[in-house]
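For reference, the chains in residue letters:
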Amino acid sequence: VTAEPLRFEDGALLILDQRALPGEERWIRCERAEQVAECIRSLAVRGAPAIGIAAAYGMVLAGGELPADREERAAAAGQRAGDLEAAADLLRSARPTAVNLAWAIDQVLASGDPLECARRLHREQEAADRRLAALGAERFEPGDRALTHCNAGALATAGYGTAGGVLQAAWEQGRLAQVWVDETRPLNQGARLTTWELERAGIPNRLVTDSSAGTLLARGLVDRVVVGADRIAANGDVANKVGTYPLAVLAERHGVPFYVAAPVSTIDRDTPDGASIPIEERDPSELGAGVPAVNFAFDVTPAELVSAIVTEAGVLEPPYDEAIARVASR
Ligand code: MRU
């Protein structure tokens, strides 16, 4: 019952409109890269790995089919390179924080065959998710109650999920009793998407307002905090959905492990530390208050508050700069 946020079919990218979930399963058909960029900007598709894969298919749409005839093919190749570069710029600029977006686009640019590359990235995401989920689940003990923030399940990765995958694997192994789900204001990815996924999987869950975390932890009702990531800097600082950093502070205060689950493609060694990660600020109107406002989409959790970073290449522990240099080539 793993949710599928996107499908490439008959030369078009079909995107499950996550803005309409859980009320309605509505699909958007994209035939041009511009439409994919708009879906990413407007959060019809969201979650770091999923927007990377959507962008990779967006590049396929921009590249088009090369003509079979050899001479026509040579003539079309130059035009196609220009189209791909333009699409890359457009897709890359759709959202700034998740490094998976730029990473996936670069992979397609470097490959000779956009469709083969996009399909491979899609397959590899699923494999990475399954592997890191299994490794993360090993940290759980029967009866554990976990707290998670935002949505880092299959909807967010186009695979099995990162933090969501860890929870799913822990549940299947009988090591998870219940999940506390942060609402995740202002767009309610936790309330709308994570609870939907957990219900489909039959995993007991309870929704709480974001500001309830302190009460839950103070009452000893949380055994582990598990979240995803949009970008992990070379020193192990983690950008994730705004509200993650306060959870890490609370977890430290109450002696509860704080895990970040992410594929190696979320690690960006070109970004030295959290202060260098671009943090998206979205339209204040999303807060719906009708007053002047600031709408940060992400925050940065310093590496020292992270108990472990669960990747498909292994579970990383401090010192993170060394652990990251071992698993991430770029
Ligand atoms: O703004 P969103 O919904 O794209 O934010 C998503 C998150 O913050 C996720 O936790 C992160 O991308 C990891 S998804 C596996």
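Residues numbered from 1 in each chain as written. Predicted model: local features only at pLDDT ≥ 70, side-chain atom pairs only at ≥ 80, totals over all residues. Heavy atoms only, no water.

A. Geometry of the sheet that holds strand 9 (residues 238–241). Strand order in the open sheet made by the 4 strands is 11-8-9-14, with mixed pairing throughout. Both outer strands of the open sheet, strand 11 (267–268) and strand 14 (298–301), are each paired with one neighbouring strand and no more. Note: strand 9 against strand 14, 4 bridges, orientation antiparallel. Bridge pairing in strand 14 places N240 opposite D299. (Pairing = 2+ DSSP bridges. Helix = DSSP H or I, 4+ residues; strand = E, 2+ residues; numbered from the N terminus.)

B. Structural view of the packing of aromatic side chains. Applying the stated criterion across every chain, the model contains 1 aromatic pair. Pairing F8 with Y57 gives two aromatic rings, centres 5.0 Å apart and planes at 10 degrees, and the pair type is stacked. Separated by 49 residues along the polypeptide, F8 in strand 1 (residues 6–9) and Y57 in helix 2 (residues 48–63) bring together distant segments of the chain. Each of the two residues, F8 as well as Y57, counts as buried. When the ring centre of W27 is taken as origin, the NZ or CZ atom of R7, which lies over that ring, is 4.6 Å away. (Phe/Tyr/Trp six-rings, centres within 6.5 Å; stacked < 30°, edge-to-face > 60°. Buried < 20%, exposed > 50% of the residue type's maximum accessible area, 1.4 Å probe, protein only. Lys NZ or Arg CZ within 6 Å of the ring centre and 35° of its normal.)

C. Highlighting the pairing of strand 6 (residues 205–208). When strand 5 (residues 176–182) meets strand 6, the two strands line up parallel, connected through 4 bridges. Opposite V181, over in strand 6, you have L207 as the bridge partner. Handedness of the strand 5-helix 8 (residues 189–201)-strand 6 crossover: right-handed. (Right-handed = clockwise from strand over helix to strand, strands pointing away.)

D. The site of the ligand, seen in detail. Around the ligand there are 17 residues in total, and R46, A48, R95, N240 and K241 lie nearest to it. When the free accessible area of the ligand is taken as 420 Å², the share hidden by the protein chains comes to 99%. Among the secondary structure elements, those contributing two or more residues to the shell around the ligand are helix 2, helix 6 (154–157) and strand 9. Here the residues of the shell around the ligand are counted per class, giving 7 nonpolar, 6 polar and 4 charged. (Near = heavy atom within 4 Å. Areas by Shrake-Rupley, 256 points an atom, 1.4 Å probe, with all protein chains shown as cover. Nonpolar A, V, L, I, M, F, W, Y, C, P; charged D, E, K, R; others polar.)

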